[in-house]
Amino acid sequence: MTLERVRSQSFETLGASPLFRDYVAQRESAASFYAHRLTADGRADAARLAADAATRRGTRDIVADVIVEQNASWGVSDSTLAMVDQLRRPDAVAVVTGQQLGLFGGPLYTVYKARTAVRRARQLHEATGWPAVPVFWLADEDHDFAEIQHASFARGEETLRATYDDGLPPDVNRGAVGRLVLDKRATETVLRQLDEALPEGPYRQRAMEIASQAYVPGRSMRDAFARLLARLVPDIVLMSADDARLKRLALPLFEQEATSWSRTFEVLSDRSEALVEAGYHAQVGPSPLNLFRLTDRARVPLDPAGEEVEMRGTEEAMSASEFEQLVRQSPESISPNVVLRPLLQDTLLPTAAYVAGPGEAAYFAQLEPGYDAFDVPMPVIEPLLSLTIVDPGVA
């Protein structure tokens with residue numbers, strides 16, 4: 001496919017927030033809320049700090065072993081596995097992005113994010129000489145099934161939708177969506193819907209082949225998504241944190257939040273207020289406790305209540321000491337929320353840069369003091385490639 005014409009539009013025209021627009025323009029009013037600037041020096045500083053921190057933690061080989069195992073199971077190429085091995089080097093860094101496990105890959109910007117990470121990793125290596133590995137973080141512990149069960153396609157003037165329907169109401173908490181096992185009837189039905197929704201064209205048969213080879217009954221939602229993305233973007237490493245070995249490495253992070261959640265809440269609340277006072281917005285509302293309880297049946301937010309920790313929406317509670325013991329003994333049963341997820345990511349990986357959409361980039365402005373509180377280096381936040389592809393007639 002040849003792109004005959006590229007027309008540039010401002011982020012303001014596209015509806016991006018003032019915070020995101022000012023950050024991309026590197027105005028001091030917004031850039032001051034981030035750890036690094038979008039400059040050559042800012043990117044190099046972020047890479048150096050990330051590499052040094054990862055080497056001090058001494059977990060590079062363990063993380064790489066897990067990622068190699070995961071990627072091999074998803075059928076990636078030998079060259080992709082070789083990229084994982086670069087993460088073992090003391091000077092290696094990662095350029096990370098990620099997304100929910102949307103059906104059939106989810107929104108098209110999922111691919112744009114992955115391709116941006118590949119390009120930024122290449123550019124960082126060229127600028128610094130350090131190995132820079134693009135990594136796609138699979139948000140497979142997300143429990144919002146309703147957000148990932150649909151895929152929409154333009155066919156002529158219609159918008160057609162394929163829906164994975166397992167027979168339960170969409171808003172039922174099924175636990176981590178990545179663990180869901182694809183049902184035979186629901187999978188066959190949604191593949192038929194995809195076949196009906198895809199527009200005619202030279203790539204239609206290939207698209208159906210990729211989808212049907214990834215979404216196989218009996219396979220988990222995570223593994224199906226990973227196999228599909230590995231075909232669409234073969235030059236990026238995939239990673240899932242829903243692994244007991246990785247959660248064990250993150251134990252210090254979980255322990256600090258379990259015992260000192262009030263401090264996290266304080267610094268994030270202060271930063272949110274500072275953003276509003278500066279004329280910007282707070283993308284997410286800080287929660288007192290930024291952890292979930294993860295079971296085979298559900299992923300449940302946890303709320304501190306006096307001397308107890310309650311499982312929201314249930315009658316279950318445990319004492320603060322019982323909760324701290326659970327974290328220490330079973331970190332695999334703990335899942336981070338939107339605030340701690342980036343910190344988990346950057347505890348496990350030497351993250352020099354994170355490729356973010358406008359909303360994500362905005363909440364990283366809130367997280368900067370959280371990185372300091374947990375003594376984790378914050379990466380430079382790179383805006384994703386944003387574009388809309390139209391055919392000549394529409395143009």
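Just so it is clear, the structure is predicted and the values come from calculations on it, not from any experiment. (Residues numbered from 1 in each chain as written. Predicted model: local features only at pLDDT ≥ 70, side-chain atom pairs only at ≥ 80, totals over all residues. Heavy atoms only, no water.)

A. Seen up close, the nonpolar core. In terms of nonpolar packing, the biggest core is built from 120 residues, with Phe104, Tyr215 and Phe323 touching the most fellow members. When residues no more than four places from it in sequence are discounted, the contact partners of Phe323 are Ala258, Leu289, Leu291, Leu302, Val309, Met318 and Ile334. (Core = buried A, V, L, I, M, F, W, Y, C linked by side-chain atoms within 4.5 Å. Buried < 20%, exposed > 50% of the residue type's maximum accessible area, 1.4 Å probe, protein only. Contact = heavy atoms within 4.5 Å.)

B. Main features of the sheet that holds strand β8 (residues 308-311). Across the sheet, which stays open at both edges, the five strands sit in the order β9-β8-β7-β6-β10 with antiparallel pairing between neighbours. Only two strands of the sheet have a single neighbouring strand rather than two, namely β9 (317-319) and β10 (334-336). Across the sheet, the mean angle separating the axes of adjacent strands is 35 degrees when strand polarity is ignored. With three bridges connecting them, β8 and β9 associate as antiparallel partners. Within the sheet, the bridge partner assigned to Glu308 lies in β9 and is Ser319. (Pairing = 2+ DSSP bridges. Helix = DSSP H or I, 4+ residues; strand = E, 2+ residues; numbered from the N terminus. Axes fitted to C-alpha atoms, helices over the stretch in contact; angles between N-to-C directions.)

C. Quick look at the pattern of salt bridges. Taken as a whole and assessed by the stated rule, the structure comprises 28 salt bridges. We note a salt bridge from Arg222 to Asp140, for which the minimum N-O separation is 3.9 Å. Of the two residues, Arg222 is situated in helix α10 (residues 221-232) and Asp140 in the loop between β2 (132-139) and α7 (145-148); the sequence distance between them amounts to 82 residues. The residues Arg222 and Asp140 share a single accessibility class, namely buried. Across the pair Arg179 and Asp242 runs a salt bridge, and its minimum N-O distance is 2.8 Å. On the criterion of sequence distance, the pair formed by Arg179 in the loop between β4 (158-163) and α8 (184-197) and Asp242 in the loop between β5 (237-240) and α11 (244-249) is long-range, its members being 63 residues apart. Residue classification places Asp242 among the buried positions, given a relative accessible area of 17%. The network of salt bridges with shared partners includes Asp61, Asp65, Asp85 and Arg88. (Salt bridge = Lys/Arg side-chain N within 4 Å of Asp/Glu carboxyl O.)

D. Examining the sheet that holds strand β1 (residues 93-100) more closely. Judged by pairing direction, the sheet is parallel, and its five strands sit side by side in the order β5-β2-β1-β11-β12 without closing on themselves. Each edge of the open sheet carries a strand with a single partner, namely β5 and β12 (380-383). Each strand of the sheet is rotated relative to its neighbour by a mean of 30 degrees, with strand direction disregarded. With three bridges connecting them, β1 and strand β11 (residues 351-356) associate as parallel partners. Residue pairing for β11: Ala94 is matched across the bridge by Thr351. The sheet contacts of helix α6 (residues 109-128) involve β1, β2, β11 and β12, and relative to β1 the element is tilted by about 175 degrees.

E. Highlighting the packing of helix α9 (residues 204-214) against α10. Running from N to C, α9 and α10 cross one another at 145 degrees; their axes reach a closest spacing of 8 Å. Judged by the sense of rotation from one axis to the other, the crossing of α9 with α10 is right-handed. Residue-level inspection shows Glu209, Ile210, Ala211, Gln213 and Ala214 of α9 in contact with α10, the latter providing Ala224, Arg227, Leu228, Arg231 and Leu232. Class assignment for the residues of the contact of α9 with α10 results in six nonpolar, one polar and three charged. (Left-handed = near helix turned anticlockwise from the far one by under 90°. Nonpolar A, V, L, I, M, F, W, Y, C, P; charged D, E, K, R; others polar.)

F. Summary view of the packing of helix α4 (residues 60-73) against helix α5 (residues 78-86). Look at α4 against α5: their axes get within 9 Å of each other, and the N-to-C directions meet at 170 degrees. Accordingly, the angle class assigned to the pair α4 and α5 is roughly antiparallel. Contacts between α4 and α5 pair Ala64, Ile67, Val68, Asn71 and Ala72 from the former with Thr80, Leu81, Val84 and Asp85 from the latter. Broken down by class, the residue content of the contact of α4 with α5 amounts to six nonpolar, two polar and one charged. (Parallel < 35°, antiparallel > 145°, perpendicular 65-115°, else oblique.)

G. Summary view of α10. With twelve residues, α10 should cover 16 Å at 1.5 Å per step; its first-to-last C-alpha distance of 17 Å lies within 8% of that length. Inspection of α10 places Met221, Arg222, Ala224, Phe225, Ala226, Leu228, Leu229 and Ala230 among the buried residues, and these make up the whole buried set. (Expected span 1.5 Å × (residues − 1).)

H. Broad picture of unusual backbone geometry. Despite not being glycine, Gln26 shows a phi value in the positive range, around 60 degrees. By the secondary structure assignment, Gln26 is in the loop between α1 (18-24) and α2 (28-31). Positive phi, close to 55 degrees, is recorded for Asp375, a residue that is not glycine. Relative to the assigned elements, Asp375 resides in the loop between α15 (358-373) and β12.

Shape is all these values report; function is a separate question.
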